[in-house]
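Each chain is listed here by its residues.
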Amino acid sequence: SAAQSLVFSLFLLNVFYTCVSSLYFHIGETEKKCFIEEIPDETMIIGNYRTQLYDKQREEYLPATQGLGMFVEVKDPDDKVILSRQYGSEGRFTFTSHTPGEHQICLHSNSSKFSLFAGGMLRVHLDIQVGEHANNYAEIAAKDKLTELQLRVRQLVEQVDQIQKEQNYQRYREERFRQTSESTNQRVLWWSIVQTLILVAIGIWQMRHLKGFFEAKKLV
């Protein structure tokens, strides 16, 4: 139906939109910036970055010198470090996810070159590509000697594979949410039972206390 086609189109748009993200941010000498990326399992991620230092004389950002480096650290949803490496002022980092969920990507400048900052700010341009968007199809076509049709078919196959991974990840998230909901409902149920037992116990104690009081006063 038209409604199902619209929902599927929106899902595809969401998949392709989340597969590529580009941004820039500013960091100081001792500052650390971290980003969260929700990634399916067995998915390749490529991050490209370049740095710029603020020139006070020109009042603009200029390409950073080669002496300035960036430290990149990536942690999986289990807080396990899967990438920890020092790079230059411009570079590329690559890793493959093995656990679906939120991956933390952190960047900060190397501490041995703080003199290059001169108290200024560092601008970092970061481009993160996820899944089949991380592939360089021009290189693949040249290496495997693929025709335009063969290359297009390969792109479509890898896009379908990425969509399947996204769907599996959404099912994984749904399952985790369902388990959390059931666990919460079970705890609420047990807490209600405990409250009821406490109220019954207090009621019985009050009745016995009042009965003892009346008997002591010889009113009963």
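Residue numbering note: each chain is counted from 1, following its sequence as written. For this predicted model, a pLDDT threshold of at least 70 governs which residues receive local features, and a threshold of 80 or more governs which side-chain atom pairs are given and counted, while totals over whole chains, interfaces and linings are taken from all residues. Think of the side-chain values as coming from all heavy atoms in the structure, minus any hydrogens and water.

- For the chain, an unreviewed UniProt entry supplies the name Transmembrane p24 trafficking protein 9 and the organism Kryptolebias marmoratus.
- In its Sequence similarities (unreviewed entry) section, the UniProt record describing the chain reads: "Belongs to the EMP24/GP25L family." UniProt positions are given in the numbering used here, feature names are shortened, and annotations may be inferred rather than shown by experiment.

### Focus on the sheet that holds strand S6 (residues 81-87)
Reasoning step 1: Strands are labelled as partners when DSSP assigns at least two bridges between them. Secondary structure elements follow DSSP: runs of H or I no shorter than four residues count as helices, runs of E no shorter than two count as strands, and numbering proceeds from the N terminus. In space, the four strands of this open sheet follow the order S2-S8-S5-S6, with antiparallel pairing throughout. Two strands close off the open sheet at either side, each with one partner strand: strand S2 (33-39) and S6. Pairwise comparison of adjacent strand axes, ignoring direction, gives a mean angle of 15° for this sheet.
Reasoning step 2: Looking at chain direction, strand S5 (residues 70-75) and S6 are connected through six bridges and run antiparallel. When the sheet's bridge partners are listed, Phe 71 is paired in S6 with Gln 86. The axes used here are C-alpha line fits, helices contributing only the stretch in contact, and every angle between their N-to-C directions lies in the interval 0 to 180 degrees.

### Some points on the packing of aromatic side chains
Reasoning step 1: Two rings from Phe, Tyr or Trp (for Trp, the six-membered ring) form a pair when their centres sit within 6.5 Å of each other. Planes less than 30 degrees apart are called stacked, planes more than 60 degrees apart edge-to-face, and all others tilted. Counted by the stated rule, this structure contains four aromatic pairs.
Reasoning step 2: Judged by centre distance (6.4 Å) and plane angle (80°), the ring pair of Tyr 49 and Tyr 87 falls under edge-to-face. Taken together, the residues span a long stretch of sequence, with Tyr 49 in strand S3 (residues 43-55) and Tyr 87 in strand S6 at a distance of 38 residues. Each member of the pair, Tyr 49 as well as Tyr 87, carries the same accessibility label: buried.
Reasoning step 3: Taking 6.5 Å as the distance between ring centres and 55° as the angle between the ring planes, the aromatic pair formed by Tyr 87 and Phe 93 counts as tilted.
Reasoning step 4: The rings of Tyr 49, Tyr 87 and Phe 93 are connected pair by pair, giving a single aromatic cluster. Relative accessibility under 20% of the residue-type maximum defines a buried residue, over 50% an exposed one, and the middle range a partly exposed one, all with a 1.4 Å probe and only protein chains included.

### Structural notes on the nonpolar core
Reasoning step 1: Within the largest apolar cluster, 23 residues are counted, with the highest numbers of intra-cluster contacts made by Phe 93, Phe 95, Leu 107 and Leu 126.
Reasoning step 2: Every element with two or more residues in this core is listed here: strand S1 (20-27), S2, S3, S5, S6, strand S7 (90-97), strand S8 (101-109) and strand S9 (122-130).
Reasoning step 3: Broken down by element, this core gets its largest block of residues, five residues, from S9.
Reasoning step 4: Residue contacts are defined here by distance: any two heavy atoms, one from each residue, within 4.5 Å place the two residues in contact. With near-sequence residues (within four places) excluded, Leu 107 lies in contact with Phe 25, Glu 31, Lys 32, Lys 33, Phe 35, Met 70, Phe 71, Val 72 and Leu 126. We define a nonpolar core as any set of buried Ala, Val, Leu, Ile, Met, Phe, Trp, Tyr and Cys residues linked to one another through side-chain atoms lying within 4.5 Å.

### Here we look at the state of the cysteines
Reasoning step 1: Here, two cysteine sulfur atoms that lie within 2.5 Å of each other are counted as a disulfide. If you walk through the whole model with that rule in mind, you get one disulfide.
Reasoning step 2: The partner cysteine of Cys 34 in its disulfide is Cys 106, sulfur to sulfur 2.0 Å. Between Cys 34 and Cys 106 the sulfur-sulfur dihedral comes to about 110°; the bridge is accordingly right-handed. Of this pair, Cys 34 sits in strand S2 while Cys 106 sits in strand S8, placing them 72 residues apart in sequence.
Reasoning step 3: The exposure class assigned to Cys 106 is buried, which follows from its relative accessible area of 2%.

### Quick look at the UniProt feature "transmembrane region" (unreviewed entry) in the chain
Reasoning step 1: UniProt marks residues 6-25 and 188-207 with the feature "transmembrane region" (unreviewed entry), using the numbering shown here.
Reasoning step 2: Between the end C-alpha atoms of residues 188-207 there is a gap of 29 Å, over a span that is 100% helix and 0% strand.

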